Amino acid sequence: MSAPVIVLKLGGSVLSCDEALPQAVAEVARFVRGGHRVVAVVSAIGGTTDALLAKARRWGGAADGEAQAVLVATGETQSAALLALALSKARVPAQVLDVDRAGLRALGEVHDARPVAVDVDAIERGLAAVPVVVIPGFTARDAQGRVVLLGRGGSDLTAVFVAAELGARLRLVKDVPGLYERDPALPGPAPRRLRTVHWDEALCLDERIVQHAAVRLARSRRIEIEIAAVDRDDATRIGDVRGAFFDEDAVAIVAPPLATGIATRLVRFDATPGDVHRPTSPPLHQTATFVQESPLRPSGHDYTRSGNPTRDALERQLAQLEDARHALAYGSGMAAIAAVVGLVPTGAEILAGDDLYGGTSRLLGQILPRRGVVARHADPRDIDAFVACVSKRTRLVHVESPSNPRLAIVDVPRLAAALRERAEALGVVCPILCVDGTLMTPYLQRPLELGADVVVHSATKALCGHGDVTAGVVATDLENLARELAFSRNAEGTALAPFESWLLLRGLKTLALRLDRQQASAQVVAGFLAGRSEVSSLAYPGLADHPGALVHARQSRGPGFVLSFELEDEHAVERFARELRLLPVTVSFGAVGSSLCCPATMSHASIPPARREDAPPPGLVRLSIGLEDPEDLVADLSRALDIVGRTCVRQAVAAGGA
Amino acid sequence: MSSAALPPVSLAPKAQSLSPRDAFIRSQGLSTRSVRAGRAPDETTGAVVPPICQSTTFAQPGSRLHDGPTYSRVSNPTVSALEEALGALEETSPAVAFTSGMAAIAALVLATCAAGDELIVSEVAYGGTIRLCERILRPLGITTRYVDASDPTCIGAAIGPRTKLVLVETPANPTLDLADVAAIAAIARARGVLLAVDNTFLTPVGLRPLELGADVSVVSTTKYVDGHDATTGGAVTARDEDLLERLRIVRKTLGSIQSPFEAWLTLQGLKTLPFRFRLHAAHALEIARALEGHPRLRSVRHPGLRSFPQAALASRQHADGLHGGIITIDIDGDLAGTRSFLASLRLCTVAENLGATETLVTHPATMTHGDVPADLRHRAGISDSLVRISVGLEDPEDILADILSALEGSTLARVAS
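On a predicted model such as this, the values are computed, not experimentally measured, just so you know.

What counts and how
Residues numbered from 1 in each chain as written. Chains lettered and ligands numbered in written order. Predicted model: local features only at pLDDT ≥ 70, side-chain atom pairs only at ≥ 80, totals over all residues. Heavy atoms only, no water. Helix = DSSP H or I, 4+ residues; strand = E, 2+ residues; numbered from the N terminus. Rg over C-alpha atoms; globule rule 2.2 N^0.38 Å. Buried < 20%, exposed > 50% of the residue type's maximum accessible area, 1.4 Å probe, protein only. Contact = heavy atoms within 4.5 Å. Areas by Shrake-Rupley, 256 points an atom, 1.4 Å probe, with all protein chains shown as cover. Lys, Arg positive; Asp, Glu negative; His and termini not counted. Charge placed at Lys NZ, Arg CZ, Asp CG, Glu CD. Buried area = accessible area lost by both parts, 1.4 Å probe. Polar contact = N/O pair within 3.5 Å; in protein donor to acceptor, adjacent residues only side chain to side chain. Expected span 1.5 Å × (residues − 1). Arc of directions from axis to C-beta. Axes fitted to C-alpha atoms, helices over the stretch in contact; angles between N-to-C directions. Left-handed = near helix turned anticlockwise from the far one by under 90°. Nonpolar A, V, L, I, M, F, W, Y, C, P; charged D, E, K, R; others polar. Salt bridge = Lys/Arg side-chain N within 4 Å of Asp/Glu carboxyl O. Pairing = 2+ DSSP bridges. Domains from an automatic or database assignment.

Caption draft 1: The arrangement of the overall build of chain A in detail. Within chain A, the secondary structure is distributed over 21 helices and 24 strands. A compact globule built from 658 residues would reach a C-alpha radius of gyration of about 26 Å, and chain A, at 28 Å, matches this within 12%. Viewed in the frame of its principal axes, chain A has a C-alpha envelope of about 100 × 60 × 55 Å. Across the 658 residues in chain A, those meeting the buried criterion constitute 58%. When contacts within chain A are restricted to residue pairs at least 6 apart in sequence, long-range pairs at least 24 apart make up 72% of them. Roughly 27000 Å² of accessible area belongs to chain A as shown, and the carbon and sulfur atoms make up 53% of that amount. Averaging the positions of the 71 positive and the 77 negative side-chain charges in chain A gives two centres separated by 2 Å.

Here you go:
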């Protein structure tokens with residue numbers, strides 16, 4: 001097998017109609033003549049997919065996604081067969097491998113699945129016999145053998161995945177000679193054609209040009225994608241490269257508009273692309289309504305509850321930070337969690353961790369039962385025992401990592417894998433895995449990359465960081481979920497207000513800066529507390545002896561800014577808090593000002609009576625470390641501990657000896 | 001305001017009747033003061049973040065003398081919180097907060113000078129300051145002499161019998177010339193004139209003019225203090241209570257007090273000032289070093305560079321080796337070439353303002369100093385090819401890559417100048 005393999009994806013722009021088949025044949029033949037073996041991944045012939053979707057809508061109900069997928073997939077099967085026939089007629093021997101024979105497996109939603117396996121041997125056997133193997137794009141089979149689709153533009157994803165698995169070169173053949181910095185169809189100066197562009201920059205371009213999931217897969221597998229027109233070789237290369245343009249006179253080396261560094265992305269986020277005034281700080285659209293062009297045709301935004309430009313900008317940035325397709329901003333963290341939990345239908349179950357924010361416990365224990373949803377709690381640190389609690393009725397699994405307030409760590413990738421196995425064994429749909437990442441923020445940890453389906457945050461905490469906003473965030477890649485969440489949010493009216501969105505956008509600019517410093521200070525404070533005998537059960541993922549330290553280090557970029565420890569009892573805690581001069585007693589955490597909280601009587605007082613055994617002990621103290629000089633923090637804590645220690649000894653002596 | 005000689009200025013800080021909490025916070029480190037100063041939990045509700053006192057007026061008891069806030073043009077609780085925070089940062093009395101840096105400078109001059117008096121201003125100064133001197137003060141009979149402030153003897157030579165106030169910027173906008181504050185302060189004190197330092201570029205994190213002997217420190221809070229491109233504001237700090245009081249009288253008469261909402265936003269921005277400033281400074285030094293010697297640049301100026309003419313003064317005068325976040329480059333080209341460079345920038349934003357989280361690039365000749373008379377511009381060394389870079393908080397490699405690519409990609413005509 002010496003001839004190099006190239007995966008050529010021929011999309012609907014190239015296979016625009018049956019009459020375009022000869023052009024596609026010529027392109028494949030060109031590579032065969034050049035000494036390549038070709039795996040041709042094809043989309044449906046132009047217009048077919050939309051026509052099939054229209055038929056599905058006309059003759060079918062909205063609910064049956066599976067039948068719809070089967071129908072739509074026939075478009076790709078048709079074009080693959082037609083291409084193979086046309087190639088053979090042109091004396092280029094070709095073989096069709098439908099998704100079954102190619103072993104293309106994908107998991108996830110029926111219309112938005114992700115490829116997980118392909119039968120490389122089957123393809124190689126095919127290429128040993130003939131120079132061209134044709135595979136339908138866009139579709140695959142799931143574990144149960146059902147037809148699933150890979151999302152809008154999914155043939156790109158098929159092509160990237162197959163190329164990655166084969167270790168082959170990859171080219172997406174289009175009707176334009178490569179990528180442009182902007183859509184050429186839009187008004188404005190003629191956009192320049194890109195010679196090279198980094199994966200991250202390609203993600204800024206419209207999804208219709210190249211599917212974002214395909215680019216992300218290419219990035220994670222470190223695959224280059226070529227984009228070229230038929231019969232041309234001056235392709236745009238997407239890969240680990242700096243951006244550059246094609247130019248008739250000279251090559252202009254251009255820095256990417258969206259670079260890879262997260263600090264740059266945080267600072268450079270353009271909240272108002274297309275704003276004629278080009279303000280560097282986004283305008284605040286403090287408005288309830290928007291004028292409509294016509295009473296008959298909705299245009300743009302109509303009502304802030306449903307959509308607001310300032311909130312839109314925030315959600316775009318939050319999605320970008322989580323590297324997710326969708327983010328929704330709510331009026332509070334609880335509103336965000338309630339929205340996710342609200343996806344679970346009556347009669348179903350939720351499995352949740354046992355160390356959770358008190359408000360979450362209250363929601364699960366006292367609100368959900370009214371809707372006939374039962375929540376079970378277990379310790380997610382023991383993955384097997386935890387997953388064994390998943391029943392056939394479990395539709396959602398909710399954990400925090402690190403947990404509030406004990407800083408317990410959950411091995412998210414292992415949990416995600418174990419849930420999939422358990423669901424397969426039970427023969428049910430895998431429950432949605434939701435991770436509350438509030439103690440980390442996406443700067444330090446990205447649960448979606450670890451295998452979670454949904455991530456929630458109380459943005460009130462470190463995301464905003466300035467203690468002036470109450471807000472919540474939900475982020476996900478799952479199209480259906482995002483759509484349902486958006487629908488409910490609009491119907492229930494829980495979206496984040498414009499001004500709060502504006503303040504949160506402002507706070508995000510310094511996210512990296514704040515967390516770097518807060519985390520460093522927390523490490524100093526934790527180190528100090530570790531040496532104090534008055535303190536027991538010190539919990540901080542940055543300490544080597546923290547039980548979850550290794551797992552956390554694998555799945556995050558740092559231990560964060562929250563730690564907890566225990567004093568003798570609640571009286572000691574009260575004395576301690578009273579002696580502190582710098583740290584105020586407040587609920588909440590993550591702001592630039594440090595604070596102290598006694599969860600038993602404050603943040604976790606809301607744990608329902610039925611779960612009192614999971615409540616934090618009365619002597620537990622949670623510290624949130626801010627931006628103050630760490631020496632000042634240590635001095636304040638030290639002094640207060642000295643006084644509390646002396647008081648304890650005095651009381652013990654008075655009581656007749658310790 | 002009479003033009004009689006000013007009373008001798010005392011540099012000793014006066015005792016303030018601070019709350020115990022404010023007094024405690026003032027005893028803490030710089031970062032702690034930025035986060036906490038001026039922001040005692042609200043007395044009424046315990047709110048950790050001070051309320052925005054968006055109210056014009058305050059009910060008075062009527063039956064006795066009212067000692068609380070009366071009218072927001074005179075004073076406002078949220079603005080007072082900002083003033084306490086700024087004062088605590090510089091370890092001095094609460095500041096006087098204005099609606100812009102220009103309003104602060106204007107009030108300072110009107111509080112200290114009258115018709116017939118003279119002002120000495122560094123010849124390298126923000127264009128707006130020079131515009132104030134030429135277009136507003138001169139017709140009012142207050143004349144300005146522009147002097148090379150990088151040489152203290154020039155200032156000494158320029159002080160005359162009518163001089164009341166010396167105003168210098170250090171580093172100066174935009175050439176980054178430094179003024180030796182201690183030396184100039186000694187001269188000013190000996191001659192009985194006030195020294196005011198515009199500390200916008202370094203902020204109290206980088207420079208303490210009052211500790212070096214200046215009478216007044218003024219900043220545009222629009223810049224690093226707010227740091228988020230969100231507000232316009234100015235503030236004056238001083239140790240002389242009489243001067244501060246005169247400033248407040250001028251301020252209430254002209255109506256140039258900062259608004260409660262802007263003050264609140266600025267207070268929030270102030271919380272991260274030390275960290276932002278240090279990062280801006282670190283990035284600027286790294287990028288300045290990388291740009292030094294670039295074939296398309298005639299010069300790269302940053303007070304942290306060894307090649308900087310006043311490097312010795314910089315290391316003496318600037319705290320903790322922080323030389324600020326501004327770099328000034330002289331492009332080897334003409335106006336067209338410089339414009340081409342600016343147009344080729346993809347990451348950096350070409351805009352007025354500085355000190356914000358994103359990198360901002362300014363062309364002084366046509367932007368900030370466009371209103372400065374041409375001869376003064378030339379004396380200040382502000383050519384058409386001078387470009388000022390306010391280095392932001394992006395990853396420095398990305399900022400540098402953008403500048404380098406713009407230098408490569410622009411069409412720079414090689415013109416011998």
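What follows picks up the thread again.
Caption draft 2: The arrangement of the overall build of chain B in detail. Along the backbone of chain B there are 15 helices and 12 strands. In terms of overall size, chain B behaves like a compact globule, its C-alpha atoms giving a radius of gyration of 21 Å where 417 residues would be expected to give roughly 22 Å. Seen through its C-alpha atoms, chain B measures out along the principal axes to roughly 75 × 50 × 35 Å. Out of the 417 residues belonging to chain B, those deemed buried represent 62%. Excluding contacts between residues fewer than 6 apart, the proportion of contacts in chain B whose partners are at least 24 apart in sequence is 74%. Summing over all exposed atoms, chain B offers an accessible surface of approximately 15000 Å²; the carbon and sulfur share of this is 54%.

Caption draft 3: Quick peek at the interface of chain A and chain B. Every contact between the two is made by 41 residues of chain A and, on the other side, 41 residues of chain B. Between chain A and chain B the total buried area reaches about 3500 Å² when both faces are included, carbon and sulfur atoms providing 60% of it. The largest share of the area that chain A buries against chain B comes from Arg268, Arg506 and Leu513 of chain A, three residues that together contribute 18% of it. At the boundary of chain A with chain B, the tally comes to 17 residue pairs in polar contact (both at pLDDT 80 or more). For the side of chain A that touches chain B, the secondary-structure elements that each account for two or more residues are helix H8 (262–268), helix H17 (498–508) and helix H18 (511–530) of chain A. Top contributing element to the side of chain A that touches chain B by residue count: H8 of chain A, with 5 residues.

Caption draft 4: Examining helix H16 (residues 479–492) of chain A more closely. All names here are of chain A. The terminal C-alpha atoms of H16, which comprises 14 residues, lie 20 Å apart, in line with the 20 Å expected from a rise of 1.5 Å per residue. What H16 keeps buried is the set Leu481, Ala482, Leu485 and Arg489. Considered in projection along H16, the buried side chains sweep an arc of 95° and stay on one side of the axis. Residues of H16 that are exposed and angled more than 90 degrees away from the buried face: Arg483, Phe487 and Ala491. One or two positions beyond H16, positive phi appears at Gly493, with a value near 70°.

Caption draft 5: Quick look at the environment of Pro115 of chain A. Residues and elements named next belong to chain A. Position of Pro115 relative to the elements: it lies in strand E5 (residues 112–117). In sequence terms Pro115 and Phe269 are 154 residues apart; their C-alpha atoms lie 31 Å from each other. If we ignore the near neighbours within four places in the chain, the residues touching Pro115 are Arg105, Ala106, Leu150, Leu157 and Phe161.

Caption draft 6: Local environment of the packing of helix H3 (residues 77–89) of chain B against helix H10 (residues 260–270) of chain B. Residue and element names in this part refer to chain B. In the contact formed by H3 and H10, the axes pass within 8 Å of each other and the chain directions differ by 35°. Once H3 is placed against H10, the crossing between them reads as left-handed. Touching Thr78, Val79, Ala81, Leu82, Ala85, Leu86 and Leu89 of H3 are Pro260, Ala263, Trp264, Thr266, Leu267 and Leu270, all from H10. Its residues assigned to classes, the contact of H3 with H10 comprises 11 nonpolar, 2 polar and no charged.

Caption draft 7: Main features of the pattern of salt bridges. Taken as a whole, this structure holds 51 salt bridges over all chains when the rule is applied. Two residues, Asp226 of chain B and Arg506 of chain A, come together in a salt bridge whose shortest N-O distance is 3.5 Å. Note that Asp226 of chain B is positioned in the loop between strand E6 (216–220) and strand E7 (234–238) and Arg506 of chain A in helix H17, a pairing that runs across two chains. Here Asp371 of chain B ties to Arg131 of chain B by a salt bridge, and the two come within 2.7 Å at their closest N and O atoms. Of this pair, Asp371 of chain B sits in the loop between strand E11 (360–362) and helix H14 (374–380) while Arg131 of chain B is found in helix H5 (residues 127–137), placing the two residues 240 residues apart along the sequence. For Asp371 of chain B, a relative accessible area of 41% puts it in the partly exposed group. By relative accessible area, which is 34% here, Arg131 of chain B ends up partly exposed.

Caption draft 8: Local environment of the sheet that holds strand E21 (residues 536–539) of chain A. All names here are of chain A. A sheet is described by the order of its strands in space; here 4 strands give the open sequence E21-E22-E24-E23, paired in antiparallel fashion. The open sheet is flanked by E21 and strand E23 (595–597), the only strands paired with a single partner. Direction aside, the axes of adjacent strands within the sheet are offset by 20° on average. Pairing of strand E22 (residues 562–566) with strand E24 (residues 620–624) involves 5 bridges; the strand directions are antiparallel. Bridging from a neighbouring strand, Leu563 pairs with Leu623 of E24. Seen against the sheet, H18 touches E21, E22 and E24 and runs at an angle of roughly 15° to E22.

Caption draft 9: Focus on the domain arrangement of chain B. Residue and element names in this part refer to chain B. By domain assignment, chain B separates into domain 1 (18–270) and domain 2 (273–416). Put simply, the middle of domain 1 and the middle of domain 2, counted by C-alpha atoms, are 26 Å apart. On the domain 2 side, the residues contacting the 44 residues of domain 1 number 46 residues. Summing both sides of the interface, domain 1 and domain 2 together bury roughly 3500 Å²; the carbon and sulfur share of this comes to 60%. One can count 4 salt bridges joining domain 1 with domain 2. In this structure, Asp177 and Arg301 form a salt bridge, with 2.7 Å as the shortest nitrogen-oxygen distance. Counting across the domain 1 and domain 2 interface gives 21 residue pairs in polar contact (both at pLDDT 80 or more). For the side of domain 1 that touches domain 2, the element with the most residues is H5, which contributes 4 residues.

Caption draft 10: Spotlight on the side chain of Arg276 of chain B. Within the element layout of this structure, Arg276 of chain B appears in helix H11 (residues 273–291). This buried residue, Arg276 of chain B, is left without a salt bridge; Asp226 of chain B holds the nearest opposite charge, at 6.8 Å. If sequence neighbours within four positions are ignored, Arg276 of chain B has contacts with Thr510 and Leu513 of chain A together with Tyr224, Val225, Asp226, Gly227, His228, Gly269, Leu270, Gly355, Thr357 and Leu393 of chain B.

Caption draft 11: Structural detail: the pairing of strand E3 (residues 143–147) of chain B. The pairing of strand E2 (residues 118–122) of chain B with E3 of chain B spans 5 bridges and is classified as parallel. Residue pairing in the sheet places Ile120 of chain B in a bridge with Arg145 of chain B of E3 of chain B.

Caption draft 12: Up close: the pairing of strand E9 (residues 326–331) of chain B. All names here are of chain B. Summarising burial for E9: 6 of the 6 residues are buried, a large majority. Burial of E9 is two-sided: the residues Ile326, Thr328 and Asp330 facing one way and the residues Ile327, Ile329 and Ile331 facing the other way are all buried. As paired elements, E9 and strand E12 (residues 386–390) share 5 bridges and run antiparallel to each other. Bridged to Thr328 within E12 is Arg388.

Caption draft 13: Looking closely at the side chain of Thr359 of chain B. Relative to the elements of secondary structure, Thr359 of chain B occurs in the loop between strand E10 (349–350) and E11. Note on Thr359 of chain B: relative accessible area 0%, which makes it buried. Of note is the side chain of Thr359 of chain B, whose polar atom sits 3.0 Å from the backbone nitrogen of Gly392 of chain B. Residues in contact with Thr359 of chain B, not counting those within four places in the same chain, are Arg268 of chain A together with Cys348, Thr349, Ile389, Ser390, Val391, Gly392, Glu394 and Ile399 of chain B.

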